[in-house]
Amino acid sequence: MIRGAALVAALAVGGCVAAPERDAGRLRVMSLDGCADQYVLAMVPEAELALSPRADDADSYFADEARGRRRIRPGLEAAVGFRPDVVVRQWGGDARLLAALERRGVRVVEIGDASDLGDVRANVVRVARELGRAEVGERLAIGMDARLEEARDSAGLREPALYLTASGWTSGPGTLVDAVMAAGGVENVTKTPGFGPVGLEALALDPPDRFVLSFFDRPGSDRHGVGRHEVLRRAVAAEETRVIPAALLSCPAWFTVEAVEIVAE
């Protein structure tokens, strides 16, 4: 798995050990959200980390590695107490927090949004470089490239499929999900750009031949969402289905290629 490659790459530059008492000689890295957690756990596991409260949630790729690590809320009070050298974020933290951190000389590393797999690769390489671990980013990117090429080679004919989440949303052109489906050899039947709700009545009357499902594996989430409706469950059970774990799509990272592999099966 590319997850193993991530940890091997990270361990090559420093052992992944639980953070002891604060050591003034170690890099202090604070993560502001669940996506940033994945990056810092793989790229700087030897640093003194302060992870977000979501670090071991069900949709965290490195949930096991996060257990036992320090976790703090992404607020100014916690940041001042931890005194990070670097803060990593994708969506966590508001503008006031980020401005206050920068005034204190804290370097903020941003994980950009990704609408395709090229954006993901660029994120991996750039964030690793900004964390002083350029070699780790290059290894992860090369591994991602190789697995993506293999998945594309093994993908069959471009059969149409509908992407659906437990909350009843789908994803069209201009989204990472659409890029994952295309790379896995599946034609996305949703043609409206961006994200949008799926009509239950239309699906009941004319269900697609194939589904690509995700975000159904988070305990208790969207319990009453359209995607969990009995009509949808019957339709999904009757058709060809690919199920992508939420952890593979919750963060635009090197392991997104595993979602491509699932679609290409």
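We now turn to the structure provided with this report. (Residues numbered from 1 in each chain as written. Predicted model: local features only at pLDDT ≥ 70, side-chain atom pairs only at ≥ 80, totals over all residues. Heavy atoms only, no water.)

Brief notes about the packing of aromatic side chains
Alright, step 1. One pass over the structure, following the stated rule, counts six aromatic pairs.
Alright, step 2. Ring centres 5.3 Å apart and planes at 80 degrees place the aromatic pair Y39 and W254 in the edge-to-face group. Highlighted residues: Y39 in helix α2 (residues 34-43) and W254 in the loop between β10 (240-244) and α11 (257-264), separated in sequence by 215 residues.
Alright, step 3. The exposure class assigned to Y39 is buried, which follows from its relative accessible area of 0%.
Alright, step 4. Here W254 and F255 contribute two aromatic rings whose centre-to-centre distance is 5.3 Å and whose plane-to-plane angle is 75 degrees, an arrangement assigned as edge-to-face.
Alright, step 5. Under the relative-accessibility criterion, F255 is labelled buried at 0%.
Alright, step 6. Chaining the aromatic ring pairs together yields one cluster made of Y39, Y61, F62, W254 and F255. (Phe/Tyr/Trp six-rings, centres within 6.5 Å; stacked < 30°, edge-to-face > 60°. Helix = DSSP H or I, 4+ residues; strand = E, 2+ residues; numbered from the N terminus. Buried < 20%, exposed > 50% of the residue type's maximum accessible area, 1.4 Å probe, protein only.)

So, the state of the cysteines
Alright, step 1. As enumerated under the stated definition, the model contains one disulfide in all.
Alright, step 2. The disulfide partner of C35 is C251, and the S-S distance across this bridge is 2.0 Å. Judged by the sign of its S-S torsion, about 55 degrees, the bond between C35 and C251 is right-handed. Linking C35 in helix α2 with C251 in the loop between β10 and α11, this pair joins segments that are 216 residues apart in sequence. Of the two residues, C35 and C251, neither departs from the other in class, the shared state being buried. (Disulfide = S-S within 2.5 Å.)

Concerning the nonpolar core
Alright, step 1. Within the largest apolar cluster, 58 residues are counted, with the highest numbers of intra-cluster contacts made by Y39, M43, V88 and W254.
Alright, step 2. Breaking this core down by element, the ones donating at least two residues are α2, β3 (86-89), α6 (117-130), α7 (134-154), β5 (159-165), α8 (176-183) and α11.
Alright, step 3. Of all the elements, α2 adds the most residues to this core, at seven residues.
Alright, step 4. Counting 12 residues, the second-largest nonpolar core is a separate cluster that includes A50, L97, L98 and L101. (Core = buried A, V, L, I, M, F, W, Y, C linked by side-chain atoms within 4.5 Å.)

Section: the sheet that holds strand β9 (residues 210-214)
Alright, step 1. Spatially, four strands are ordered β7-β5-β9-β10 in an open sheet, and the strand pairing comes out parallel. Only two strands of the sheet have a single neighbouring strand rather than two, namely β7 (186-188) and β10. Strand-to-strand twist of the sheet, defined as the mean angle between neighbouring strand axes without regard to direction, takes the value 35 degrees.
Alright, step 2. Here three bridges tie β5 to β7, and the two strands are oriented parallel to one another. Residue pairing across strands places E159 opposite V186, the latter belonging to β7.
Alright, step 3. Sheet strands touched by α11: β7, β9 and β10. Its angle to β10, the strand with the most contacts, is close to 165 degrees. (Pairing = 2+ DSSP bridges. Axes fitted to C-alpha atoms, helices over the stretch in contact; angles between N-to-C directions. Contact = heavy atoms within 4.5 Å.)

Description of the sheet that holds strand β4 (residues 107-110)
Alright, step 1. Taken in spatial order, the four strands make up an open sheet running β2-β1-β3-β4, and their pairing is parallel. Each edge of the sheet is formed by a strand with only one pairing partner; in this case those strands are β2 (48-50) and β4. Across this sheet, the average inter-strand angle for adjacent strands is 20 degrees, counted without regard to direction.
Alright, step 2. Looking at chain direction, strand β1 (residues 28-31) and β2 are connected through three bridges and run parallel. Bridging across to β2, V29 finds its partner in L49.

Structural notes on the pattern of salt bridges
Alright, step 1. If you walk through the whole model with that rule in mind, you get 13 salt bridges.
Alright, step 2. Notably, a salt bridge pairs E46 with R133, separated by 2.2 Å at the nearest N-O pair. On the criterion of sequence distance, the pair formed by E46 in the loop between α2 and β2 and R133 in the loop between α6 and α7 is long-range, its members being 87 residues apart. No difference in accessibility class separates E46 from R133, as the two residues are buried.
Alright, step 3. Three or more residues joined by partner-sharing salt bridges are found here, namely R28, E48 and R70. (Salt bridge = Lys/Arg side-chain N within 4 Å of Asp/Glu carboxyl O.)

Remember that the coordinates give geometry; whether it matters functionally is a separate question.
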